[in-house]
Amino acid sequence: MSSIRVAIVDDKRLLREALVNNIANYKEIEVVLQAGDGMDFLNDLAGLRAEDRPQVVLMDIEMPVMNGIEAVMIAKDRYPDMHFLMLTVFDDDDKLFDAIKAGADGYLLKDEKVSNIVKAIAEIVHEGGVPMSPRIARKALGLLRNKPETVEPASPAADNEYALSAREMEILNRIVDGLNYQEIGERLFISPHTVRKHIANIYEKLHVSNKASAIKVATQKKWFN
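This one's a predicted model, so the numbers in the text were calculated from it and none came from an experiment.

Reading guide: rules and limits
Residues numbered from 1 in each chain as written. Predicted model: local features only at pLDDT ≥ 70, side-chain atom pairs only at ≥ 80, totals over all residues. Heavy atoms only, no water. Helix = DSSP H or I, 4+ residues; strand = E, 2+ residues; numbered from the N terminus. Buried < 20%, exposed > 50% of the residue type's maximum accessible area, 1.4 Å probe, protein only. Lys, Arg positive; Asp, Glu negative; His and termini not counted. Salt bridge = Lys/Arg side-chain N within 4 Å of Asp/Glu carboxyl O. Contact = heavy atoms within 4.5 Å. Pairing = 2+ DSSP bridges. Axes fitted to C-alpha atoms, helices over the stretch in contact; angles between N-to-C directions. Core = buried A, V, L, I, M, F, W, Y, C linked by side-chain atoms within 4.5 Å. Phe/Tyr/Trp six-rings, centres within 6.5 Å; stacked < 30°, edge-to-face > 60°. Lys NZ or Arg CZ within 6 Å of the ring centre and 35° of its normal.

Chemist: I'm lost on the side chain of Arg16 in this one. Help?
Modeler: Checked against the element boundaries, Arg16 lands in helix H1 (residues 13–23). For the buried Arg16, no salt bridge exists, and the shortest N-O distance to an oppositely charged side chain is 5.3 Å, to Glu17. Excluding its chain neighbours within four sequence positions, the residues that come into contact with Arg16 are Ile8, Asp10, Asp11, Gln34, Ala35 and Gly36.

Next comes the structure, spelled out in structure tokens:
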């Protein structure tokens, strides 16, 4: 399997270089581009051939010249197949939802372990996931729960239009709690591969393609309140 091409955009050079050096220990990842702000990133990206462009961009938010959210909005319009994983110190509500609206595919805090960042990159590319730090996932869920409901609340037993099995409901509950595949498997004593198969079935039944959308359905239905 070929390595995943990654770009790192962060105005703090030492942090950027430290991340590059740490990621270099993982053969499945190849850093193909570095930039110190959103504008430099877009300019450098324009000079690359399609086959050399990054598949996943680790994007800081607060940067001079052009911030990460604006850069993601522009880049998503130009390169719709490119994935953006926000990697930032900010966990406030506005930045979280601005990033999601701009087209971010995930949102991690900078205090995440490098191994978790690498897992998140692979999850985005190979599984179409939307990785979030647990604290961010809980915050996103809380914000969704505070939004006005657009559907009538229903219990899992009463609302059977999606025909989720008891096991699928159990796994969806763990997704809502912000657990990853490995953690879900450990809690339920099943393999991560089995978890992935269940999640694929959940996505199909809910007519969604990622974690964020599945969480939204579960929240609107008030299945796990």
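Still to come is the rest of the account.
Chemist: How do you make sense of the sheet that holds strand E2 (residues 29–35) when you look at a structure like this?
Modeler: In sheet architecture, strand pairing relies on hydrogen bonds along the backbone and comes in two forms, parallel and antiparallel. What the five strands build is an open sheet, ordered E2-E1-E3-E4-E5; its pairing is parallel. Two strands in the sheet have a free side with no partner beyond their single neighbour: E2 and strand E5 (106–109). Taking the axes of each pair of neighbouring strands and ignoring which way they run, one obtains an average angle of 25° across the sheet. Here strand E1 (residues 4–9) runs beside strand E3 (residues 56–59); their pairing, made up of four bridges, is parallel.

Chemist: Teacher, can you tell me more about the nonpolar core here?
Modeler: Across soluble globular proteins, nonpolar side chains have a tendency to be buried as a group. Ranked by size, the top nonpolar core spans 29 residues in total, and within it Phe41, Val57, Met59, Phe84, Met86 and Tyr107 carry the most contacts. At the level of secondary structure, the elements contributing two or more residues to this core comprise E1, E2, helix H2 (38–46), E3, helix H3 (68–78), strand E4 (83–88), helix H4 (93–102) and E5. Considering every element that reaches this core, the biggest residue donor is H3, with four residues. Ignoring any residue separated from it by four or fewer positions in sequence, one finds Met59 in contact with Val9, Phe41, Gly68, Ala71, Val72, Phe84, Leu85, Met86 and Leu87. Counting residues in each nonpolar core, the second largest holds 24 residues, with Leu164, Met169, Ile215 and Ala218 among its members.

Chemist: Just checking my understanding: could you explain the packing of aromatic side chains for this structure?
Modeler: Pairs of aromatic rings are described using the distance from one ring centre to the other and the angle between the two planes. Applying the stated rule across the entire model yields two aromatic pairs. Here Phe41 and Phe84 contribute two aromatic rings whose centre-to-centre distance is 6.3 Å and whose plane-to-plane angle is 85°, an arrangement assigned as edge-to-face. On the criterion of sequence distance, the pair formed by Phe41 in helix H2 and Phe84 in strand E4 is long-range, its members being 43 residues apart. Side by side, Phe41 and Phe84 carry an identical accessibility label, which is buried. Ring centres of Tyr162 and Trp223 lie 5.9 Å apart, and the angle between their planes is 85°; this geometry places the pair in the edge-to-face category. Within this pair, whereas Tyr162 is found in the loop between helix H6 (134–145) and helix H7 (166–176), its partner Trp223 is found in the segment after helix H10 (211–220), the two being separated by 61 residues in sequence. Each member of the pair, Tyr162 as well as Trp223, carries the same accessibility label: buried. Its guanidinium or amino end placed over the ring of Tyr181, Lys211 lies 5.4 Å from that ring's centre, counting from NZ or CZ.

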